[in-house]
Amino acid sequence: EPGRVMAGPGGVSAVAMSGDGQLVAAGFAGRLRLYEADTGEEWAELPAAAPLAFAPAGSLVAAADPAGGVRVWHTLSARPRALLPGHPGGVTAVA
């Protein structure tokens, strides 16, 4: 529904829309939630954090991993595809 508020612990730290316009990702304290853009329904909740970014087609989303590095997720299955380790100082941007 228009105007729906995405609520989470500690407030929203990042938001991104998939390139196909189907999904919205919102980062909360150590969590990443995927929502259907048309309905606002939560699609999945992932153990990831902001920053975050979608692949152009919307089938993948990359986000900071709470343990360090960047994790890439399949958006439809909500399963991890890859972990890019080696960022001991934390991840400050994903594009």
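Residues numbered from 1 in each chain as written. Predicted model: local features only at pLDDT ≥ 70, side-chain atom pairs only at ≥ 80, totals over all residues. Heavy atoms only, no water.

*Asks:* Outline the sheet that holds strand 4 (residues 42–46), listing residues and values.
*Replies:* In a beta sheet, neighbouring strands pair by backbone hydrogen bonds and run either parallel or antiparallel. Strand order in this open sheet of 4 strands is 1-2-3-4, and the pairing throughout is antiparallel. Two strands in the sheet have a free side with no partner beyond their single neighbour: strand 1 (14–17) and strand 4. With strand direction ignored, the average angle separating the axes of adjacent strands in the sheet is 15 degrees. Alignment of strand 1 against strand 2 (residues 23–28), held across 4 bridges, turns out to be antiparallel. What sits directly across from A14, in strand 2, is G27. (Pairing = 2+ DSSP bridges. Helix = DSSP H or I, 4+ residues; strand = E, 2+ residues; numbered from the N terminus. Axes fitted to C-alpha atoms, helices over the stretch in contact; angles between N-to-C directions.)

*Asks:* With reference to specific residues and values, describe the nonpolar core.
*Replies:* Core analysis: the largest hydrophobic core is formed by 14 residues, its most contacted members being A25, L32, L34, L46, L52 and F54. Elements represented by at least two residues in this core include exactly strand 1, strand 2, strand 3 (31–36), strand 4, strand 5 (49–54) and strand 6 (60–64). Filtering out sequence-adjacent residues up to four positions away, L34 remains in contact with V24, A25, E41, E42, W43, A44, L46, F54 and T75. Core analysis: the next-biggest nonpolar cluster, separate from the first, contains 8 residues, A53, A64, V70 and V94 among them. (Core = buried A, V, L, I, M, F, W, Y, C linked by side-chain atoms within 4.5 Å. Buried < 20%, exposed > 50% of the residue type's maximum accessible area, 1.4 Å probe, protein only. Contact = heavy atoms within 4.5 Å.)

*Asks:* For the environment of P85, give the residues involved together with the corresponding values.
*Replies:* Considering the arrangement of structural elements, one finds P85 in the segment after strand 8 (80–84). As for P85 and R71, which are separated by 14 residues in sequence, their C-alpha atoms are 8.3 Å apart.

*Asks:* Before we move on, can you summarise the pattern of salt bridges with the specific residues and values?
*Replies:* Summed over all chains, the structure comprises 3 salt bridges. Put simply, R33 and E45 hold a salt bridge, and the shortest N to O gap is 3.1 Å. In this pair, R33 is assigned in strand 3 and E45 in strand 4, connecting sequence segments 12 residues apart. The exposure class assigned to R33 is buried, which follows from its relative accessible area of 15%. (Salt bridge = Lys/Arg side-chain N within 4 Å of Asp/Glu carboxyl O.)

*Asks:* Pulling in residues and values, what's your account of the sheet that holds strand 5?
*Replies:* Read from one edge of the open sheet, 4 strands run 5-6-7-8, paired in antiparallel fashion. Every other strand in the sheet has two partners, leaving strand 5 and strand 8 as the edge strands with one partner each. Geometrically, the sheet is characterised by an average inter-axis angle of 20 degrees between neighbouring strands, direction not taken into account. In terms of strand pairing, strand 6 meets strand 7 (residues 70–74) through 5 bridges, oriented antiparallel. Across the sheet, the residue bridging to V61 is W73, located in strand 7.

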